Each structure stands twice: as C-alpha cells, then as structure tokens.
Amino acid sequence: MKKISFITLMLLAVTSMSFAQTITGTPHDMSAQAWNTMASNKLCGVCHTPHNAMAVSQAPLWSHTTSSTVYTMYTSAQSSTFNATPGAAPGGNSLLCLSCHDGTVALNNHIGNTLPLGSTLGVAYPTTTTLVGAALTNDHPISFTYDAALVTADGALRPITTAALGGTIATKMLFGGKMECASCHNPHNNQYTSFQRMTNNASQLCLTCHIK
Amino acid sequence: MKTYLWLVIILFVPVMANSQSVANTVHNLSVSGPGTIKATNENEICIFCHTSHNSNPQSPLWNRSDPGSYYTLYDNAVSSSFQATAGQPDGSSAMCLSCHDGTIALGKVLSRPEEISFGGGITTMPINKHNLKTDLSDDHPISFIYDPALAGKDGQLRAMPAFPTKLDRNSKVQCTSCHNPHKNNFTNFLASSNQSSALCITCHDRTNWQTSSHQTSTATWNGTGKNPWLHIDEPYANVSQNACENCHSTHNAKGKARLMKSQQEENNCLDCHNGNVANTNLEADFVKTYTHGVYNYNGLHDPNEAAIPSAKHVECADCHNSHSANATNASAPYANGFISGVKGVDQNGIAINKIQYEYELCYRCHSVNAFTTSSTARKIEQNNVRIEFNTSNPSFHPIAGVGNNNNVPSLISPLTTSSMIYCTDCHASNGTSASGPHGSIYPQILKYKYETIGSPIESYSSYELCYSCHNRNSILNNDSFKEHNKHIRGQNTSCNVCHDPHGISNSQGNNINNSNLINFDTKIVSSDATGNLKFVDTGNNNGYCLIKCHGKTHTQNMSY
C-alpha cells in the first residue's frame, strides 16, 4: 500500500513536472476535445501546420484562421495616464492569440478543417474569463511601442534595458519594439498558470515593467 | 566570507529597490505585505486593485466593482464657502472608496472567482480613520471640477493646482490629486511632503497666509494639557510646520464645514491659545465674568456672513482671520496684525471686507445693530457706538479721529490732545494677557476697574481705567474742573455719573451742554425744579450745571 502510493506520488510528480514544461495537458492542449477530429497532428494542428501554412505575419507555420473583427483598443480614452499610442488594431503575435480569444472565429476553424463559426460544426469559444472579446478596453494595452520616450513620458515604467526573463525587456518582452500578448504569455508553457512567462508571485511579472 | 558579502548585497539590493514600491506599503495586501491587514494566501500584490484582463470599466484596469452613488457629499449645504459643484465620487475616487468606504470586502476582486480571504477574519475595511464610510461630508471634497472659473468664484484658490497636485482627465479633484496609492514616502500615501502644508497650498492660496503667524510661528506644544495636534496622524513639532493642519482635518473633520478639527468653533483656536502653544492663555480670559462669549454660540458664525451680522453671536473668527493674523504692532487707530484681514464697518457706516482701523471691527456688532446696549441710563441715550465716536460730535474720546478739546491738562505723556486711542485701550482683558477684549473681571470687558455703582470710595484702583491716561493728581488737584475733588472724593461720585466716555452724538447733543463728554447718569442726576437737566459750558474750565443731584439742586450761582 505504502509502496503503491509512493509510486503514484512519484508518477504524479514526474508527470506534472513534465507537463508543466510542455503544452501537453495544458488548456491549450485541445487534442482530446470532441470537436478535434483531425486524424493526426491533433495537438499542434489547431494552430500550426508543417506545410502550406497561411501567410500571416509573425506567424510560425500558422494554421488557425485569423479574425477579421474590429477591435476597440485600450487607449488614453481608457486611462488619462496611458501615454503610449497603440495602433488602430492589434498587430504582431497578438492577432494570433486573438484568432481564438476574441471569440469570433471557431476554435476548429483551421487548415484541414475550416469550419466557420455559425456553421453546424463550428465550435465557439466558451464563455470564460479567458474569452478576451473584441473590446480590448478592459484588458492590458497591447501593440504599442515601448521605448525610451514612453518611459520618459510615463515616469513609472522601467527602461527597456531592464533585466527581464534572462535578457532585457527590449530583447525578451518586446516584439518589433512593441508590447504584445507574448510579452507576458507563453502559449506553450503553463508552468506559472495563465501561461505567464514567469511567476507573478508578489506581482513580479507586473513589476518587471511597472515602477509601483 | 566572500559568499557572506554577496548575501548581504543580495539582501540589501531588493530592499533598496523596493523602498519606493507599493510592495513596502500597507497597500500591499498580499501575504508579503508589511501591514496587519493582509490576505492569508494571495501572493499577488497588484491584484487587489488591478487585473490585466476583464477589468471593471473604470480605468486603469481596475479589478474592483464600482461602489455606487450613495455617498453623503461635502457640498455647499455643508459649507457655505464651497463654490464648486459637488457630485457623487467618480473616477479614481470611486475606486479608492471601493475599499475605503468600508462597504466592499477587501478581497472581493473581479479576477478571482472566490473572495480573497484575509487574516483575522477581516472582510471589509475595519472601522478606523482610514475607513471614510459613506458619509463624505467630513472629508475634503472630491470629484468636482477645478478650473479658473472656480478659482475666480472662490477667490482663495490658485487658478490651477501646482505640482504635485493633479486633476484627472475631467479636470476634477480626486483622491489621487493628493494621494499616490503606490508610494507611501510621505505618510498617508501623500504625493509630497505636507510640511508647512506644502501640498494644501498647491491649490489653496489664502491672502496673507505666507506672513501669518500660523504659517511662521515656531511655537511648540509645551506638553501640558490636551495635545492640540491629536487630530493629525504624524504631527510636526511646531505651528509653522503643521500649518493648515493646526486647525483643519482633511478627513474625518469633526467640524464638517471647512473641515475644522473641532465642532465647537472656539476650540479650534483655544486648543493652542491656552498658554500651552501660544504664549497667552485666552482660555483663562473666556471663563471670566465679562467676555466676548465665544462659548455661548455654536453654528451661528459663517465666514460668508455680512460684515454687519444679522444674528447676535461671537466667535474667535468674528474678530480674527486665522489665515492672515500676525504679530505686527500698530498705532491707533490702525488695526494691528492680530486683527488683520477681517471685515468691518467704516465710520460712515459702510460695510468693508478688510478693516484699516481697529474700531471698524468693533462697529460690526456695536454700531447699527447694537447687540449690546449702554450700561448707564443717560440724559442722551445712544447705543450706536459709531455715532458716539463721530468726529463732529460735541465731544468724544479720540477713537475715529483726534479729539476736539485741546485743553486736557490731565493727559499722561506721551498722550496729548492730538493723540488717538483704540477701543482696546479701555476694553480689553484685565491682567497680563492678550491685548484684545477677550474677557475681564470688570463689566463691559474693561481693562481696569471703573467704579460706576453706588458711592465708590475714590482710590487709584477705583478708577484705574481713567487714571491710566488721566493723571489722578491732576484730576484731584482740580486742574480742569475745580470741583472734581469735591465730587469724586467728597461726594463719592463716580466719573461715570457726569461723563459719558464714548461721546455724545451731534444730532442729540450740542457744544454748550455736551462738551467734555458731559451726559448725566439719570439714575443719579435728575431735573431741577424747572425741569432743567444740563451742563452749560461757558469756556475753558468754566461752566455750571442745572440739575438736582442727591437732593441738592445745582444752580447757575454755583458756576465755576
């Protein structure tokens, strides 16, 4: 009995450790979903395809149909203390995340299985806290340039040369000089919950950039 | 050893880096927080107010529900001098109040499905001074538009606030105008040090404040009696440093209007002016028999009241402008620093916002509305002191102008017939106290004894009031009136029986019968058989009386 429980514990520990480092078993692992009828590549295929990928900017071998919805961005209209100027729409890798998380494209609308939302088999994003929607006004701003000028204007942001995630904010957290979803999130690794790229214990992730 | 050094550096660096961080403040409600009110399990710091997704529509990325619109406001019903338009808390203030009004649990955030639990079973903010509750009428007003128009209406505000005080995007004053919730470098999360009220005066611009004693005095509390600064979280050592906060409480003010620290008007002053901070002990004056009875009224004084008040009352602020008062000396008739910047009524009866002469202050209550009446029944009755001191009167003490009698041999140097005097030369606290008429053991708040009742035995002390200016020897030697000695000493007659010390109105009296302040006390002096009751002036030091006094008729045959 003791032995069995010890082995179970060990197994659980090992598996949870190994799962923590990969996409397998995370909420982004949709291979076991009933709607995932792909014959192969069930794990990666929802987002990626090895061949004949979509021509989407900053999208590695992209498979999931992107959104054509109109977004409302978080701008200085939301906060008078927001000094950056985001683009009119999300850019860069943020668009890839929003192709699911804005809720306008079916989860299973990807190469090999293009099922638009509203079609009989198109699977809608469930109404959960991770459904970001098209109104980005209640979400942390994205797709804005984070540079020395912004740091000066804001007064409570750390310089982009600040150490972060094994490099600096500039090298590890910005994409084309901009903050995007991937600045904080790693869709393939849920080690720190919410696919955060580092622990937010004591709000460390927030305080990486914010001087508060 | 090397390892140890590294450890020291590693330990110290984060502490230094965090010295200005929210993490080191009581606003860090996470398990790592330094305060006593904190969560039992929650590790994140920002989460109690902010979330990166699905925030409340209030910016910036707010993680709490808007508390609603059920607050009792600080508005112009609370303070007649509040010129702005009060509205329910909005913007960042609503967010602060979502904890600080004590109605929403501290751990109730949008991004956690369960309420974050707190140690000690705490849910909402405990009842303490940081819990402002939903009655904001005792707190500095917020969520009102501050613009040059408001400043113009108010008259005592800067056109726009100066750094570090900020308005929000709608030009409104909010909690964040004065507070920075992320940094607690200056106590109570203030945006800057409030020493000498540096923060208050970024908006409030009181006339003469910079030179007023309450701004400049380095007086400290001597440790005796009640601490006058109990209402301040971390009081500074002296008056100058505490500045506005000597009297005002920004939050939880007991005297709501104008956020006075005490609901009883006079206590705002007397907590310091009792000899324990200020040198003079006015408390001792105000418990004497004859006072300007500041204890007798409550809620009647209003800073916006007319120069001539309609309801009888007296508070310290009726005579003193605490934002302007200073210790500057002056000579009669000019107002000294203690009463600088107060309202008054000039000698023509015109209301003025800022007195030049001391008597103008007294005229607020002692002229047209004559809240006090003459204490002696006289041939000529007049309760309007302004009329009594008119410089075209047949005789008058030189309050509003130099006297018209150039033959006053009793005057003690340096006084001459060209001198002027103050009301407060006669009406003032007795004893060694402040120069003003706060309280006296003598009637009419007289500075010295002035016997008027019965048949007083003459002595220096019986008439010390008069003898302070009029040499007793000269009077008793009959230098001016050759029967002075006979009346005062021989018949125990008070000065007050024949003399009306203020003056006699030119519309009621005349130069023949009412020179030399003659206006008889009719309780003692009565008409003669032919109905005459008068003095007749026949030139310098000459005249006669037609009266009956204590049964003795005075006739022209007794002229001198």
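Residues numbered from 1 in each chain as written. Chains lettered and ligands numbered in written order. Predicted model: local features only at pLDDT ≥ 70, side-chain atom pairs only at ≥ 80, totals over all residues. Heavy atoms only, no water.

Along the backbone of chain A there are six helices and seven strands. For chain A, the sequential pattern of α-helices and β-strands runs α-α-β-β-β-α-β-β-α-β-β-α-α. When each of the 212 residues of chain A is scored for burial, the buried share is 35%. In chain A, 55% of the contacts between residues at least 6 apart in sequence involve partners at least 24 apart. Counting only carbon and sulfur atoms, one obtains 64% of the accessible surface of chain A, whose full area is about 11200 Å². (Helix = DSSP H or I, 4+ residues; strand = E, 2+ residues; numbered from the N terminus. Buried < 20%, exposed > 50% of the residue type's maximum accessible area, 1.4 Å probe, protein only. Contact = heavy atoms within 4.5 Å. Areas by Shrake-Rupley, 256 points an atom, 1.4 Å probe, with all protein chains shown as cover.)

This part takes up the domain arrangement of chain A. All names here are of chain A. Split into domains, chain A comes out as domain 1 (1–30), domain 2 (35–139) and domain 3 (146–212). For domain 2 versus domain 3, the distance between C-alpha centres works out to 22 Å. Between domain 2 and domain 3, the contact holds ten residues from the first and eight residues from the second. Ranking the residues of domain 2 by area buried against domain 3 places Asn83, Asn93 and Ser94 at the top, with a combined share of 56%. The interface formed by domain 2 and domain 3 contains zero salt bridges. Grouping the constituent residues of the side of domain 2 that touches domain 3 by class yields two nonpolar, eight polar and no charged. (Domains from an automatic or database assignment. Buried area = accessible area lost by both parts, 1.4 Å probe. Salt bridge = Lys/Arg side-chain N within 4 Å of Asp/Glu carboxyl O. Nonpolar A, V, L, I, M, F, W, Y, C, P; charged D, E, K, R; others polar.)

Our focus in this paragraph is the confidence of the model for chain A. All names here are of chain A. For chain A, the mean per-residue pLDDT works out to 88, and 90% of the residues sit at or above 70. When pLDDT is averaged over each element of chain A, strand S5 (residues 167–168) comes out on top at 98 and helix H1 (residues 2–21) at the bottom at 48. With pLDDT under 50 throughout, residues 6–20 is counted as low confidence; its partners more than four residues away or in other chains account for five contacts. (pLDDT = per-residue confidence, 0-100.)

What follows covers the pattern of salt bridges. Residues and elements named next belong to chain B. Counted under the stated rule, the structure contains 14 salt bridges over all chains. Arg364 is paired through a salt bridge with Glu305; the nearest N and O atoms lie 3.0 Å apart. Residue Arg364 is located in helix H10 (residues 358–366), and its partner Glu305 is located in the loop between strand S3 (290–291) and helix H9 (316–319); the two are separated by 59 residues in the primary sequence. By relative accessible area, which is 13% here, Glu305 ends up buried. Here Arg472 ties to Glu458 by a salt bridge, and the two come within 2.8 Å at their closest N and O atoms. Separated by 14 residues along the polypeptide, Arg472 in helix H13 (residues 472–476) and Glu458 in the loop between strand S7 (439–440) and helix H12 (464–467) bring together distant segments of the chain.

Residues and elements named next belong to chain A. Strand order in the open sheet formed by three strands is S3-S7-S6, with antiparallel pairing between adjacent strands. Two strands bound the open sheet, and with one partner strand each, they are strand S3 (144–145) and strand S6 (174–175). In this structure, S6 lies alongside strand S7 (residues 178–179), joined through two bridges in antiparallel fashion. When the bridges of S7 are listed, Leu174 appears paired with Met179. (Pairing = 2+ DSSP bridges.)

Let us now look at the interface of chain A and chain B. Contacts between chain A and chain B engage 22 residues on the former and 17 residues on the latter. Here chain A packs against chain B, burying approximately 1600 Å² in sum over the two surfaces, 49% of which is carbon and sulfur. Taken together, the connections running from chain A to chain B amount to zero salt bridges. For the interface between chain A and chain B, the tally reads 16 residue pairs in polar contact (both at pLDDT 80 or more). Grouping the amino acids of the side of chain A that touches chain B by side-chain chemistry returns nine nonpolar, eleven polar and two charged. (Polar contact = N/O pair within 3.5 Å; in protein donor to acceptor, adjacent residues only side chain to side chain.)

So, about the packing of aromatic side chains. The description of an aromatic ring pair rests on the distance of the ring centres and on the angle between the ring planes. Residues and elements named next belong to chain B. A full pass over the atoms with the stated rule returns 13 aromatic pairs over all chains. Between the aromatic rings of Tyr359 and Tyr363, the centroid separation amounts to 5.3 Å while the plane-to-plane angle is 55 degrees, which identifies the pairing as tilted. Here Tyr359 pairs with Tyr363, and both are found in helix H10, just four residues apart, close to one helical turn. We note that Tyr359, like Tyr363, is buried. An aromatic cluster is built from Tyr334, Tyr357, Tyr359 and Tyr363, whose rings are joined through pairwise contacts. (Phe/Tyr/Trp six-rings, centres within 6.5 Å; stacked < 30°, edge-to-face > 60°.)

Let's shift gears to the nonpolar core. The nonpolar side chains of soluble globular proteins are, as a tendency, buried together. One finds A:Phe144, A:Tyr146, A:Leu150, A:Leu157, A:Ile169, A:Met173 and A:Cys209 to be the most contacted residues of the largest nonpolar core, which totals 17 residues. When residues of this core are assigned to domains, at least three fall in each of domain 2 (35–139) and domain 3 (146–212) of chain A. Sequence-distant contacts of A:Phe144, that is, excluding residues within four places in its chain, are made with A:Phe82, A:Ala84, A:Thr85, A:Pro86, A:Leu150, A:Gly177, A:Lys178 and A:Met179. Judged by nonpolar contacts, the second largest core, of twelve residues, contains B:Tyr74, B:Phe144, B:Leu150 and B:Cys203. (Core = buried A, V, L, I, M, F, W, Y, C linked by side-chain atoms within 4.5 Å.)

The next thing to look at is the environment of B:Pro309. Residues and elements named next belong to chain B. Topologically, Pro309 is positioned in the loop between S3 and H9. Since its relative accessible area comes to 5%, Pro309 is described here as buried. For the pair Pro309 and Cys365, spaced 56 residues apart in sequence, the C-alpha separation works out to 7.1 Å. With residues up to four places along the chain from it excluded, the contact list for Pro309 reads Arg364, Cys365, Asn369 and Phe371.

Right, let's get into the side chain of A:Asn36. Residues and elements named next belong to chain A. By secondary structure assignment, the location of Asn36 is in the loop between H1 and helix H2 (94–101). One polar contact links the side chain of Asn36 to the main-chain amide nitrogen of Met38, over a distance of 3.4 Å. At a separation of 2.9 Å, a polar atom in the side chain of Asn36 contacts the main-chain carbonyl oxygen of Lys42. With residues near it in sequence (within four places) discarded, Asn36 still touches Met30, Ser31, Lys42 and Val46.

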